[in-house]
Amino acid sequence: MALIFHSSANPVAAGHVLGESLVGEPWNGARPDWPLQPLRAPLLSAGSTPWHEAWLVDSPPLSGESEGIRWRRQGDQLFGVIEIDEGPDVGLQAASEAAYARLFRLLDAQGLPHLWRLWNYMADINQDQQGLERYRQFNLGRAQAFEGASRCVVGRVPAACALGVRSGPLSVAFLAGSTPAVPVENPRQVSAFLYPGEYGPRSPTFSRAALVYPPGQELLFISGTASIVGHQSVHRGDVAAQTRESLDNIEAVLAEAQRLSPQGAFALADLSYRVYIRHAADLGVVRAEMAGRVASAETLYLQADVCRSELLVEIEAQGLRATQAA
C-alpha cells in the first residue's frame, strides 16, 4: 500500500490516483474521477501551467463523495478535497468551521481518525472583514470545528499550510490515515497553537511538521514555514533575509525530526518544495537563495499571499522514503 508522489507538467494517467493538486492558472479542464484541488495561484516556475502533483497508490482505490467532499481511499490511507463558496450568508469563519466539521465526520465514518496533512487556500487572506482579518476568521472557524469534534487543538495536531489566492472558494485538501502522525515542533519558534492573543482570538491549529508511517514508509510533511522567530516576524521588507530565515527554520525542524525518527536524518536536498512568493518580482532573489541551500531539489514557485501581511515568502516541503527493514 505504498504512497508514490507524482510531480510533473504531464497530466496524471488514469489509474491508481489517490488525489491530486493542480497548480497554476488558468485551469479550465474537466474534473477527473479522483479528488482534485485546483490551486488558483500563478505558477512562477517550471515553464508550464498547470503543474500536476498527485499521490498515487499501488492498487485500485475506493471513491466516494460525502457532504461535498470528494475522496478516495486505499487501505488505511485517504485523500479528500472540499471547496465551500462564500456568500452573503456564509463568511470565511462559517465556511472554515463547516469544511472541517464535514471532514471530521467523514474520517469518523471511514474509521480513519488521524489527519496527517492539510492544504488550505482562501481568497483575500490578509483583508479585514467585519473587523477581523480573514486569516484570523479562518483560524477561529477551524478551531471551533476541532473542538466540536472533540479533537486536540494543542499538541497532537496535523501539519498544514494556509495561503491566500486571488479569488475562489475556501479550498481544503487533506491526507489522513489509521495511524497517528508524530508532530514535530521547531525549538526556534513558539508552537503556532500557543501563539499569544495578539495574533487573533484563536491560535492556528497545526504543527510545524509531522512524521507519518504508512506501511513500509516514512513521510515527513513540513508545514508552511516563514521568517518567524519565537512568534514574531523578522526581516521585514527583506525578501532575501526572509528566505534564509525560513530555510533556517526548516533546518531546525529537520534536526528535531531526526531526533524523533528511527530512520536517520533528512537533508534539505532530500525534500521537494513549494515556495509561495507574495510579489512575483521577487522570484529571482528567492530562487537564488533557495539554490544556495537546497541544490537541485525539486522546487515549485507560486505567487500567493502569506498569512501575515509583512511576510513575503513561505516555504513548505515534504520527503518520502522506505523504512529500513528491522
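Up top is the structure these notes are about.
Residues numbered from 1 in each chain as written. Predicted model: local features only at pLDDT ≥ 70, side-chain atom pairs only at ≥ 80, totals over all residues. Heavy atoms only, no water.

Caption draft 1: Structural context of the pairing of strand β7 (residues 77-84). Among the eight residues of β7, seven are classified as buried, and the element is accordingly described as predominantly covered. Sheet topology places strand β6 (residues 69-74) next to β7; five bridges connect them, and they run antiparallel. Its bridge partner lying in β7, Q74 is registered against Q77. Where β7 meets strand β12 (residues 170-177), eight bridges bridge the pair, whose relative direction is antiparallel. The residue bridging L78 from the neighbouring strand is A176, located in β12. (Buried < 20%, exposed > 50% of the residue type's maximum accessible area, 1.4 Å probe, protein only. Helix = DSSP H or I, 4+ residues; strand = E, 2+ residues; numbered from the N terminus. Pairing = 2+ DSSP bridges.)

Caption draft 2: Summary view of the packing of helix α1 (residues 92-110) against helix α2 (residues 134-148). Interaxial distance between α1 and α2 falls to 7 Å at its minimum, and their mutual angle equals 35 degrees. For α1 against α2, the interelement crossing comes out right-handed. Residue-level inspection shows L92, Q93, S96, E97, Y100, A101 and F104 of α1 in contact with α2, the latter providing R134, Q137, F138, L140, G141, R142, Q144, A145 and F146. For the contact of α1 with α2, the residue count by class is eight nonpolar, five polar and three charged. (Axes fitted to C-alpha atoms, helices over the stretch in contact; angles between N-to-C directions. Left-handed = near helix turned anticlockwise from the far one by under 90°. Contact = heavy atoms within 4.5 Å. Nonpolar A, V, L, I, M, F, W, Y, C, P; charged D, E, K, R; others polar.)

Caption draft 3: Local environment of the layout of surface pockets. Estimates place the volume of the largest pocket at around 320 Å³. Lining the largest pocket we find 24 residues, and of these Y135, Y195, I228, C307 and R308 sit closest to its centre. Secondary-structure elements contributing two or more residues to the lining of the largest pocket are α2, β11 (159-165) and β15 (217-225). For the lining of the largest pocket, the element with the most residues is α2, which contributes four residues. Residues belonging to the lining of the largest pocket are distributed by class as follows: 12 nonpolar, five polar and seven charged. Volume-wise, the second largest pocket comes out at about 240 Å³. In this structure, the second largest pocket is lined by P113, H114, L115, F146, R151, C152, R156, V157, P158, P180, A181 and P183. (1 Å grid on protein atoms, 1.4 Å probe; cavity = no way out; pocket = protein on both sides within 12 Å on 5 of 7 lines; lining within 4 Å. Points joined across faces, edges and corners; volume = space filled by probe spheres on them.)

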